Amino acid sequence: MVRRCRLGVMVPSSNVTMEYELYKMAPEGVTIHFTRIPQTEDTEEQLAAMINYVPQAAQLLAHARVDAIAFGCTSGSFIKGTGYDREIIKRIEENTGVPATTTTTAVLEALKLMEMRKISVGAPYTDPIMQKLKKLLEDNGFKVIKMKGLGLIKGEGDLPLDVTYKLAREIDSPESDGIFISCTDFKTVEILEILEEDLGKPVVSSNQATMWKLLRLAGLKTKIRGFGTLLREF
């Protein structure tokens, strides 16, 4: 097998979904290498503390000679507001010299590229985290039409895909250009095509957007089928 690129990802220590989903989407010749950052609950305190581990985690990934690095936590990269994702990227790139992104950065770029200006938003988060996400999206020019969080601070990785599907159907609105499902530990990628068919509009998820952005940073423009419009057409 020809090696096309190596991708590096920092994942929260309690996350049981991101590794599986990224490998599920990975094209042939792409390998993904992970390191973990302490985080067991989606509390503001723990999410804000994740940045303290970024330099060392980034350096460890660089040891694997990766072509791009992602900070793989959505809420952890917007918890301190607009622009916080860029601070995380700066720390990664300053410590490694490797092109970097965060899940938040990838999502915002994907939503803009797909012209999803009016969106419905679903996530497993508590209301305070949902409100921070809403503000982030509004600060970046999006209009949140409908929004719902599941109120969880942990255990979202154990939820079945049925929960994701039901949530997406519940938040959909005729006014929405598309759906955004947030959280890298919330199962999504295996039903993105189903949701897009059933709802008749694009659906972006945290892990899907992270994979898309990592591939672009690594210089691959390959189109991937089976995981929604973003990877198939952009």
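Being a predicted model, the structure only gives us computed values, none of them experimental.

S.K.: Would you mind showing me how to read the overall build of the protein here?
M.R.: Scanning the protein from N- to C-terminus turns up 10 helices and eight strands. Overall, the C-alpha framework of the protein stretches about 45 × 40 × 30 Å when taken along its three principal axes. Within the protein, buried positions represent 55% of all 234 residues. A fraction of 74% describes how many contacts in the protein between residues 6 or more apart in sequence connect residues 24 or more apart.

S.K.: What should I look at first to understand the side chain of E156 in this one?
M.R.: Mapped onto the fold, E156 is located in the loop between strand 6 (143-149) and helix 7 (161-171). The side chain of E156 is buried and forms no salt bridge, while K154, the nearest opposite charge, is found at 9.6 Å.

S.K.: Sorry if this is basic, but what is going on with the environment of D185 here?
M.R.: Within the secondary structure, D185 sits in the loop between strand 7 (178-181) and helix 8 (192-199). Each C-alpha atom, one on D185 and one on P124, is 9.1 Å from the other, the two residues being 61 residues apart in sequence. D185 has contacts with S14, N15, V16, T17, E156 and G157, leaving out every residue within four places of it along the chain. There is a polar contact of 3.0 Å between the side chain of D185 and the backbone nitrogen of V16.

S.K.: I'm lost on the packing of aromatic side chains in this one. Help?
M.R.: Given two aromatic rings, their pairing is described by the distance between the two centres and the angle made by the two planes. This model, assessed by the stated rule, comprises two aromatic pairs. Measuring from centroid to centroid gives 6.4 Å for Y23 and F34, while their planes differ by 50°, and the two rings are tilted. Pair noted here: Y23 is in helix 1 (residues 18-25) and F34 is in strand 2 (residues 30-37), with a separation of 11 residues, a long-range link. Among the residues examined, Y23 registers a relative accessible area of 42% and is labelled partly exposed. Judged by relative accessible area, F34 falls into the partly exposed class, the value being 23%. The interplanar angle of 70° and the centroid separation of 6.2 Å between the aromatic rings of F78 and Y125 together place this pair among those described as edge-to-face. Taken as a pair, F78 in the loop between strand 3 (68-71) and helix 4 (84-96) and Y125 in the loop between strand 5 (118-123) and helix 6 (127-139) lie far apart in primary sequence, 47 residues in all. The pair F78 / Y125 is uniform in exposure class, with both members buried.

S.K.: Could you clarify how one ought to interpret the sheet that holds strand 7 in this entry?
M.R.: The pairing of strands in a sheet happens through backbone hydrogen bonds and is either parallel or antiparallel. A sheet is described by the order of its strands in space; here four strands give the open sequence 6-5-7-8, paired in parallel fashion. Pairing within the sheet leaves two strands with one partner each, and these edge strands are strand 6 and strand 8 (203-205). Adjacent strand axes in the sheet meet at a mean angle of 20°, parallel and antiparallel pairs treated alike. Note: strand 7 against strand 8, three bridges, orientation parallel. Paired with I179 across the two strands is V203, which belongs to strand 8. Of the strands in this sheet, strand 7 and strand 8 touch helix 8, which is tilted by about 150° from strand 8.

S.K.: How do you make sense of the pattern of salt bridges when you look at a structure like this?
M.R.: Pairing between side chains becomes possible if they bear opposite charge and their charged atoms approach one another. Overall, the coordinates contain 13 salt bridges when judged by the stated rule. A salt bridge links R232 to E193; the nearest nitrogen and oxygen atoms lie 2.9 Å apart. In this pair, R232 sits in helix 10 (residues 229-233) while E193 sits in helix 8, placing the two residues 39 residues apart along the sequence. We classify R232 as partly exposed; its relative accessible area is 22%. Judged by its relative accessible area of 22%, E193 falls in the partly exposed class. The network of salt bridges with common partners includes E193, R232 and E233.

Cut-offs applied
Residues numbered from 1 in each chain as written. Predicted model: local features only at pLDDT ≥ 70, side-chain atom pairs only at ≥ 80, totals over all residues. Heavy atoms only, no water. Helix = DSSP H or I, 4+ residues; strand = E, 2+ residues; numbered from the N terminus. Buried < 20%, exposed > 50% of the residue type's maximum accessible area, 1.4 Å probe, protein only. Contact = heavy atoms within 4.5 Å. Lys, Arg positive; Asp, Glu negative; His and termini not counted. Salt bridge = Lys/Arg side-chain N within 4 Å of Asp/Glu carboxyl O. Polar contact = N/O pair within 3.5 Å; in protein donor to acceptor, adjacent residues only side chain to side chain. Phe/Tyr/Trp six-rings, centres within 6.5 Å; stacked < 30°, edge-to-face > 60°. Pairing = 2+ DSSP bridges. Axes fitted to C-alpha atoms, helices over the stretch in contact; angles between N-to-C directions.

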